[in-house]
Amino acid sequence: GYNGLIMDKPDHDQNTDELLKEAHDAGVYTVLVNNTEVDDGVSCGVGLDNYPLGYTIGTVAAEKLPENAKILILKATAGNQGSEDRYSGFVDALADEKRDDVEILDSRNSDNWSKEAAMSEMEDWLQVYTEFDAVYAMCDDMTCGCIEACEAAGLDVQTIQFYGIDGLANGCTAVKAGTMTATVLQNATEMGEEAVNLWEQMQSGELTEGKISALEPTIITSDNVDEIIAMHEENGMMK
């Protein structure tokens, strides 16, 4: 009795091509949100690519980092393509902005994308590096973990730059508090609206094959964080 499916696949490596082709043949049109790598030929995808997310936050860092800055970069699970793309985008932005003076002291993988794993990695770093200017981690949870580890070690986190990605509640709270320098929003509301728009085009016959709709990242700094917090409060993600 339905002819539309809007789905977020937690594991993008899971092959659903044949299932979704069968659904399409049965008149059920699928849009995959948070996925810009759909290649089954019948489904649409909407989201933000990981490389531009990393590149966007990298351009902010290129502008804000002091001369001869020293930075630590924490990637997620080894081999995760999303993490690697966010890393590559960031370092490419530094290069394109001619920030050859920035030194990456270390870049390592965390066990996963979690705050707790990031805290552990940051604690290890603090045993080795006594001077650094910035930390970039692959998501806000990880960046918040790094911030908390530095605070627990007695560092003044207001004097260190921290960069994240996602723009969720914890990231916005940290930006508002002045502990996170910047993050990049993945706007779930915008993704949802575009997903419905794509589905309507599919079921009306305007779209007869798969299409990718790549959205633009939104930089979040102290200048606009109140607007993003208001959005999160409206959609129930923050109180």
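Quick look at the structure, then. (Residues numbered from 1 in each chain as written. Predicted model: local features only at pLDDT ≥ 70, side-chain atom pairs only at ≥ 80, totals over all residues. Heavy atoms only, no water.)

This paragraph deals with the packing of helix α6 (residues 169-177) against helix α8 (residues 225-234). Their axes nearest at 10 Å, the elements α6 and α8 cross at an angle of 145°. Of the two possible hands of crossing, α6 and α8 adopt the one that is left-handed. Contact residues: Ala 169, Cys 172, Val 175 and Lys 176 in α6; Val 225, Asp 226, Ile 228, Ile 229 and His 232 in α8. (Axes fitted to C-alpha atoms, helices over the stretch in contact; angles between N-to-C directions. Helix = DSSP H or I, 4+ residues; strand = E, 2+ residues; numbered from the N terminus. Left-handed = near helix turned anticlockwise from the far one by under 90°. Contact = heavy atoms within 4.5 Å.)

Strands pair in a sheet through their backbones, by hydrogen bonds, and they do so in one of two ways: parallel or antiparallel. Spatially, β5-β4-β6-β7 is the arrangement adopted by the four strands of the open sheet, whose pairing is parallel. Where the open sheet ends on each side, the last strands, each with one partner, are β5 (103-109) and β7 (161-163). Averaged over neighbouring strand pairs, the angle between their axes works out to 15° when direction is ignored. Across the sheet, helix α2 (residues 50-64) lies against β6 (134-137) and β7, angled at about 170° from β7, the strand it touches most. Running at roughly 155° to β7, helix α5 (residues 140-152) makes contact with β4 (70-75), β6 and β7 of the sheet. (Pairing = 2+ DSSP bridges.)

A few words on the sheet that holds strand β2 (residues 29-33). The four strands lie next to each other as β1-β2-β3-β9, forming an open sheet whose pairing is parallel. A single partner strand is all that each edge strand has here, and the edge strands are β1 (4-7) and β9 (212-214). Neighbouring strand axes in the sheet, compared pairwise and without regard to direction, differ in orientation by 15° on average. Pairing of β2 with strand β3 (residues 44-47), which is carried by three bridges, proceeds in the parallel orientation. The partner of Val 31 across the bridge, within β3, is Cys 44. Against the sheet, helix α7 (residues 188-204) makes contact with β1, β2, β3 and β9, and its axis sits at roughly 160° relative to β2, the strand it touches most.

Right, let's get into the nonpolar core. In terms of nonpolar packing, the biggest core is built from 63 residues, with Met 122, Phe 132, Tyr 136, Phe 162 and Tyr 163 touching the most fellow members. The biggest single contributor to this core is α5, with six residues. Other than its neighbours up to four places away in sequence, Phe 132 contacts Lys 70, Leu 72, Leu 105, Met 122, Leu 126, Cys 150, Leu 155 and Ile 160. (Core = buried A, V, L, I, M, F, W, Y, C linked by side-chain atoms within 4.5 Å. Buried < 20%, exposed > 50% of the residue type's maximum accessible area, 1.4 Å probe, protein only.)

Okay, the pairing of β3 next. Within a regular strand, the side chains alternate between the two sheet faces. Burial of β3 is two-sided: the residues Cys 44 and Val 46 facing one way and the residues Gly 45 and Gly 47 facing the other way are all buried. Relative to β9, β3 runs parallel, the two being bridged by three bridges. Bridged to Gly 45 within β9 is Ile 212.

Bringing the packing of helix α4 (residues 115-126) against α5 into the picture now. Closest axis-to-axis distance for the α4/α5 pair is 7 Å, and the angle between their directions is 45°. By the criterion of interaxial angle, the relationship of α4 to α5 is oblique. The way α4 lies across α5 gives a crossing that is right-handed. Contacts between α4 and α5 pair Lys 115, Ala 118, Met 119, Met 122, Glu 123 and Leu 126 from the former with Asp 141, Met 142, Gly 145, Cys 146, Glu 148, Ala 149 and Cys 150 from the latter. (Parallel < 35°, antiparallel > 145°, perpendicular 65-115°, else oblique.)

If you trace the backbone, Thr 36 turns up in the loop between β2 and β3. Accessibility expressed as a relative area gives 17% for Thr 36, which makes it buried. Ignoring sequence-local partners within four residues, the contact set of Thr 36 consists of Val 46, Gly 47, Leu 48, Asp 49, Ile 212, Ser 213 and Ala 214.

Tracing the sequence through the fold places Ile 6 in strand β1. C-alpha separation for the pair Ile 6 and Met 238, spaced 232 residues apart in sequence, amounts to 24 Å. In contact with Ile 6, other than residues within four places in its own chain, are Val 31, Val 33, Ala 195 and Val 196.

This part takes up the packing of aromatic side chains. Scanning the model with the defined rule gives two aromatic pairs in all. For the pair Phe 90 and Tyr 136, a centre-to-centre distance of 4.0 Å together with 15° between the ring planes defines the contact as stacked. Of the two residues, Phe 90 is situated in helix α3 (residues 81-96) and Tyr 136 in strand β6; the sequence distance between them amounts to 46 residues. Here Phe 90 and Tyr 136 have matching classes, each one buried. One cation-aromatic arrangement involves Lys 75 over Tyr 87; the distance from NZ or CZ to the ring centre is 4.6 Å. (Phe/Tyr/Trp six-rings, centres within 6.5 Å; stacked < 30°, edge-to-face > 60°. Lys NZ or Arg CZ within 6 Å of the ring centre and 35° of its normal.)

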